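Examination of the molecular architecture
Spelled out, the chains give:
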Amino acid sequence: MIQLLTPTYWKDYELIDCGDFEKLERFGNLILIRPEPQAVWNKILPQSEWQRLHHIRFKGRSATSGEWIKKSPSTPDRWHIEYKNPEAAIKFRLALTSFKHVGIFPEQAVNWDYISQNIKKFKTPNAKVLNLFAYTGGASLIARGAGADTTHVDSIRQVVTWGNENQELSGLKDIRWVVEDALKFVKRELKRGKKYNGIILDPPAYGHGPNGEKWKLEDHINEMMQDVVQLLDPEEHFLILNTYSLGFSAVIVENLIKSALPEVENLEIGELYLQATSGIKLPLGVFGKFYKHK
C-alpha cells in the first residue's frame, strides 16, 4: 500500500498556496514566493492575494540561480524557525540563497518524526545514526535531540558549517561532521566494520563530491543501497530512503530496498506532500523506510 504523508507538527511553517509553477510559503513570520516545478496546476488564491501576503519573492535568472526581491528593505536576509515533535525540539537558521533554497525542506518533518520515534523505542543505548546527503542537518539534529550518537555527511562544506550553526542554535552538541562524498564514506565505513542503528539517505538527482566525484541518482543509487544496508545493525535498526526526482516512483524505491535487503521487515513506501491551507496538495518526493526493534 502506497502511503501519502504530510507533516503534522509544524507551527513555524505553512504552505499557503501553490500553482503556476510557484509556491507561497510562510517560514516563521516571513512569507515567500518561490519557484516550484511540480506545481503545474492553477493557483487557488487570486494573484492579488499572493501579492498582498508575500514579503520576499525569488526571481530566477537561470535554471540554477536568481535573486530575491523584497517588498521592504528592512526584511532580514536571515532568520530562525523551530520544529518540535513529542521527542525533540530543534531550531534552524534560514537564509536567502542564490539557489532559491532557504536551508530547509519542510516536508522532511515526516521523516524527522520517524527518526525520533524509532530512536526512543530502541533498546540499544546511545544508538548510532548516519545521515547521508545531510544538507543543513534537520535529520541529524532530530536524531541527536532524541539521544542518538549522530554522524552527518555532506559533500559541501558550506552546508555542513550551516548544519553546525543549527546544532548550536538548537542547544545540541557532539554531532560528528564529515565533509565527504557519501558513497566513498559508506565504502570506507564498510571496510572499518562499522554498524549503525539508523541510516537516512536523501540523495539529490545530481551532485558533486568535494573532489569532483559525480553523483547521478539513477546511476549510483542501487550501488549505494547495496552497500549501505550492510552498515545496519542486524538486531535493531531503521533506514529511510527519500528521493526528490521527477522520474522516481515509490515502487522504484521499494524495489531498490527489497533488492538490497530481501529479508526487510516493516517496509513502508509512499509519497511526501505538503498540504496547502488553500486546499491543494503539493507532492515533494517519494520515500521508502523500514525498522527492526529488539
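About the thresholds
Residues numbered from 1 in each chain as written. Predicted model: local features only at pLDDT ≥ 70, side-chain atom pairs only at ≥ 80, totals over all residues. Heavy atoms only, no water. Helix = DSSP H or I, 4+ residues; strand = E, 2+ residues; numbered from the N terminus. Rg over C-alpha atoms; globule rule 2.2 N^0.38 Å. Buried < 20%, exposed > 50% of the residue type's maximum accessible area, 1.4 Å probe, protein only. Contact = heavy atoms within 4.5 Å. Areas by Shrake-Rupley, 256 points an atom, 1.4 Å probe, with all protein chains shown as cover. UniProt positions renumbered as here; feature names shortened; annotations may be inferred. Pairing = 2+ DSSP bridges. Axes fitted to C-alpha atoms, helices over the stretch in contact; angles between N-to-C directions. 1 Å grid on protein atoms, 1.4 Å probe; cavity = no way out; pocket = protein on both sides within 12 Å on 5 of 7 lines; lining within 4 Å. Points joined across faces, edges and corners; volume = space filled by probe spheres on them. Nonpolar A, V, L, I, M, F, W, Y, C, P; charged D, E, K, R; others polar.

Under an unreviewed UniProt entry, the name given to the chain is Class I SAM-dependent methyltransferase, and the source organism is Mucilaginibacter panaciglaebae.

Turning our attention to the overall build of the chain. If you tally the helices and strands in the chain, you get 7 helices and 17 strands. Relative to the compact-globule value of 19 Å for 294 residues, the chain shows a C-alpha radius of gyration of 19 Å, a close match. Projected onto the principal axes, the alpha-carbon positions of the chain cover approximately 55 × 40 × 40 Å. Relative to its full complement of 294 residues, the chain shows a buried share of 51%. For the chain, long-range pairs separated by at least 24 residues make up 63% of all intrachain contacts whose partners lie at least 6 apart in sequence. Of the roughly 13400 Å² that the chain leaves accessible, carbon and sulfur atoms contribute 51%.

Mapped onto this numbering, the UniProt entry gives "domain: S-adenosylmethionine-dependent methyltransferase" (unreviewed entry) at residues 57-235. Along residues 57-235, the helical share is 32% and the strand share 27%, with 49 Å between the first and last C-alpha atoms.

The strand order across the open sheet built from 5 strands is β2-β3-β4-β5-β6, with neighbouring strands paired in mixed fashion. Two strands in the sheet have a free side with no partner beyond their single neighbour: β2 (13-19) and β6 (66-70). Taken over all neighbouring pairs, the strand axes of this sheet differ in orientation by 20 degrees on average, direction set aside. Here strand β3 (residues 22-27) runs beside strand β4 (residues 30-35); their pairing, made up of 6 bridges, is antiparallel. Opposite Glu 25, over in β4, you have Leu 32 as the bridge partner.

Moving on, we get to the layout of surface pockets. Any space left empty among the atoms is revealed by the rolling of a water-sized probe across them. If you add up the space inside the second largest pocket, you get close to 220 Å³. Counting residues per element, the lining of the second largest pocket draws most heavily on helix α2 (residues 109-121), which supplies 6 residues. Of the residues contributing to the lining of the second largest pocket, the split by class is 5 nonpolar, 5 polar and 3 charged.

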